[in-house]
Protein chains: 2
Amino acid sequence: MSAVRLFGLGALAMLLGLDCLARLLRLVRARRGAPRGPLKEVLFFPVDITCVEHLLRAGEALPNSCPCPLPHGQETSFTRLLRHLLSASTSLDLCIFAFSNQSLSRAVLLLQARGVVVRVVTDTSYMAISGSQISTLRRAGVNVRHDMGAVYMHHKFAVVDGRLLITGSLNWTTTAIQCNKENMLVTEEPDLVQPFIREFQRLWDSNDPARHCPHG
Amino acid sequence: MSAVRLFGLGALAMLLGLDCLARLLRLVRARRGAPRGPLKEVLFFPVDITCVEHLLRAGEALPNSCPCPLPHGQETSFTRLLRHLLSASTSLDLCIFAFSNQSLSRAVLLLQARGVVVRVVTDTSYMAISGSQISTLRRAGVNVRHDMGAVYMHHKFAVVDGRLLITGSLNWTTTAIQCNKENMLVTEEPDLVQPFIREFQRLWDSNDPARHCPHG
């Protein structure tokens, strides 16, 4: 009888012990600041300019060291942003007020050349401004629509592969990246990503030129 | 002996059953889209203007119905924003490029009058622009510092009680709220809130006028 009781109590103790151990491990993980759940990252700007050729020419045969005078091999908020964008394998939906930075334009063109489906919604008034990369993207075959229903289409967000949201105060301009105080938030949290996916689709559909064509 | 065995097995079955039930409940909760973990909310703009007097005069003796001609009793992204701000009980740290909306200014003054510690960092060039609420806040005793180290202090974020982050593309202007395509993200997720708390403190400290006084 004592053996059976011992077995019963032993099993109970083992279960309780395992449960306590699991809770303890979760607590230690949380205390250590280990990431909990989906990716969440905050990027602040301005950043010092560094060489990003290694990111934009990945796959090309490059000389061992890039001869440009910029600092090399440094990770900044801007290289993080580029890495997140270049992680796209199927789609990039970009909703951007101002877009004049050439490295970001090269990144989008690289994705387009790789077969990633790129869609861009931008502000009407900004589109034609000198230095805007929108016409460069259009010439390369990127699908661009401009917002026709607002004073400003002031969003600055991107959704990568319907999975990763990049959003914040930062327009895609060199001044914003190198001179302004700006923030960007990068997350895979579905409760935050999904509303932006729906907002992009709303803007994409409502700014379809076919719907606004006078000859219908 | 069978009673003891029954007890042991019964206890085991109960523990396993409870564990399964807990897992099942979590699964159902997740499937139903119930909020997982800390608050996460996305607000989109523009919104139609509605009456917000009931929010800004809470505690005051109001007539049963507000006589103003605006629609009443509607919840919009703007009323959600006001509610989140007015939930402050100890502190509001605001880092904002452009601030001209009067309802938001009244909300900040209401918090200040309630004893909430309000600190504002804003952009130097925007501060003196006609319609800016910054001078109104200053006259009411709100602590305001202007950024002296960037081309633009382009952030648009607020931290409520060191707990709740409100950030996005939206400047605190009436045009942004009523006419532009804009977004705001509201979250209590510590991994997102903490970097913004540190950024605010960095900007607050580095723009201390005492540090820039020529007579030092």
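Residues numbered from 1 in each chain as written. Chains lettered and ligands numbered in written order. Predicted model: local features only at pLDDT ≥ 70, side-chain atom pairs only at ≥ 80, totals over all residues. Heavy atoms only, no water.

### Focus on the environment of A:His155
(1) Moving on: Following the sequence through the fold, A:His155 ends up in the loop between β4 (143–147) and β5 (156–160).
(2) Moving on: For A:His155, a relative accessible area of 0% corresponds to the buried category.
(3) Moving on: In this structure, the C-alpha to C-alpha distance between A:His155 and A:Ala11, residues 144 residues apart in sequence, is 57 Å.
(4) Moving on: Among all residues touching A:His155, those that are not within four sequence positions of it are A:Cys95, A:Ile96, A:Phe97, A:Glu199, A:Leu203, B:Phe44, B:Ser169, B:Lys181, B:Glu182 and B:Asn183.
(5) Moving on: There is a polar contact of 2.9 Å between the side chain of A:His155 and the side chain of B:Asn183. (Helix = DSSP H or I, 4+ residues; strand = E, 2+ residues; numbered from the N terminus. Buried < 20%, exposed > 50% of the residue type's maximum accessible area, 1.4 Å probe, protein only. Contact = heavy atoms within 4.5 Å. Polar contact = N/O pair within 3.5 Å; in protein donor to acceptor, adjacent residues only side chain to side chain.)

### Quick word on helix α8 (residues 190–206) of chain A
(1) Moving on: Taking 1.5 Å per residue, 17 residues should reach 24 Å; α8(A) reaches 24 Å between its end C-alpha atoms and fits that length.
(2) Moving on: Inspection of α8(A) places A:Leu192, A:Val193, A:Pro195, A:Phe196, A:Glu199, A:Phe200, A:Leu203 and A:Trp204 among the buried residues, and these make up the whole buried set. (Expected span 1.5 Å × (residues − 1).)

### Side note on the interface of chain A and chain B
By convention, interface size is frequently given as the accessible area that disappears when the constituent parts associate.
(1) Moving on: Tallying the contact residues gives 43 residues for chain A and 43 residues for chain B.
(2) Moving on: Between chain A and chain B, roughly 3800 Å² of surface is buried when both sides are summed, and carbon and sulfur atoms account for 69% of that area.
(3) Moving on: In this structure, the connection of chain A to chain B is made through two salt bridges.
(4) Moving on: A:Lys181 is the partner of B:Asp147 in a salt bridge, and the nearest nitrogen-oxygen pair spans 3.4 Å.
(5) Moving on: At eight residues, α8(A) tops the list of elements feeding residues into the side of chain A that touches chain B.
(6) Moving on: Taken together, the residues that form the side of chain A that touches chain B break down as 20 nonpolar, 11 polar and 12 charged. (Buried area = accessible area lost by both parts, 1.4 Å probe. Salt bridge = Lys/Arg side-chain N within 4 Å of Asp/Glu carboxyl O. Nonpolar A, V, L, I, M, F, W, Y, C, P; charged D, E, K, R; others polar.)

### A short note on the relation of the copies chain A and chain B
(1) Moving on: Least-squares fitting of chain A to chain B yields an RMSD of 0.6 Å, with the superposition described by an axial translation of 0.5 Å and a rotation of 180 degrees. Taken together, the rotation and translation relating the two chain copies correspond to the operation of a two-fold axis. Across chain A, the smallest distance between a C-alpha and the rotation axis is recorded for A:Gly8, namely 2.1 Å.
(2) Moving on: Counting the interface residues of chain A, we find that 100% of their copies in chain B are interface residues as well, pointing to one common contact surface. (Least-squares fit on C-alpha atoms with pLDDT ≥ 70 in both.)

### Regarding the domain arrangement of chain A
(1) Moving on: Domain annotation of chain A identifies domain 1 (7–36) and domain 2 (40–60 + 69–211).
(2) Moving on: Summarising the inter-unit geometry, the C-alpha centres of domain 1 of chain A and domain 2 of chain A are found 43 Å apart. (Domains from an automatic or database assignment.)

### Some details on the sheet that holds strand β5 (residues 156–160) of chain B
Residues and elements named next belong to chain B.
(1) Moving on: Pairing is mixed across the open sheet formed by seven strands, whose spatial order is β1-β7-β6-β5-β2-β3-β4. Because the sheet does not close on itself, it has two edges, and the strands there are β1 (40–45) and β4 (143–147). Here the strands of the sheet are splayed against their neighbours by 15 degrees on average, with no regard to which way each runs.
(2) Moving on: In terms of strand pairing, strand β6 (residues 164–168) meets strand β7 (residues 182–187) through four bridges, oriented antiparallel. Paired with Gly 168 across the strands is Met 184, a residue of β7. (Pairing = 2+ DSSP bridges. Axes fitted to C-alpha atoms, helices over the stretch in contact; angles between N-to-C directions.)

### Topic: the side chain of A:Thr187
All names here are of chain A.
(1) Moving on: Relative to the assigned elements, Thr 187 resides in strand β7 (residues 182–187).
(2) Moving on: Judged by relative accessible area, Thr 187 falls into the buried class, the value being 0%.
(3) Moving on: A distance of 3.0 Å separates a polar side-chain atom of Thr 187 from the backbone nitrogen of Glu 189.
(4) Moving on: What Thr 187 contacts, discounting residues up to four positions off in sequence, is Leu 39, Lys 40, Arg 163, Leu 164, Leu 165, Leu 192 and Val 193.

### A word on the sheet that holds strand β6 (residues 164–168) of chain A
All names here are of chain A.
(1) Moving on: Across the sheet, which stays open at both edges, the seven strands sit in the order β1-β7-β6-β5-β2-β3-β4 with mixed pairing between neighbours. The sheet is open, and its two borders are formed by β1 (40–45) and β4, each paired with just one other strand. Averaged over all pairs of adjacent strands, the angle between their axes in this sheet comes to 15 degrees, without regard to strand direction.
(2) Moving on: Of the pairings in the sheet, the one linking β1 to β7 comprises six bridges and is antiparallel in character. Bridge pairing links Leu 43 to Met 184 in β7.
(3) Moving on: Against the sheet, α8 engages β2 (91–96), β3 (117–123), β4, β5, β6 and β7, with an angle of about 75 degrees to β3.

### Remarks on unusual backbone geometry
All names here are of chain A.
(1) Moving on: Across the junction of Phe 45 and Pro 46, the peptide omega takes the value 15 degrees, indicating a cis bond.
(2) Moving on: Tracing the backbone through its elements, the reader meets Pro 46 in the loop between β1 and α2 (53–56).
(3) Moving on: Even without being glycine, Asp 161 reaches a positive phi, approximately 55 degrees.
(4) Moving on: Assignment of secondary structure puts Asp 161 in the loop between β5 and β6.

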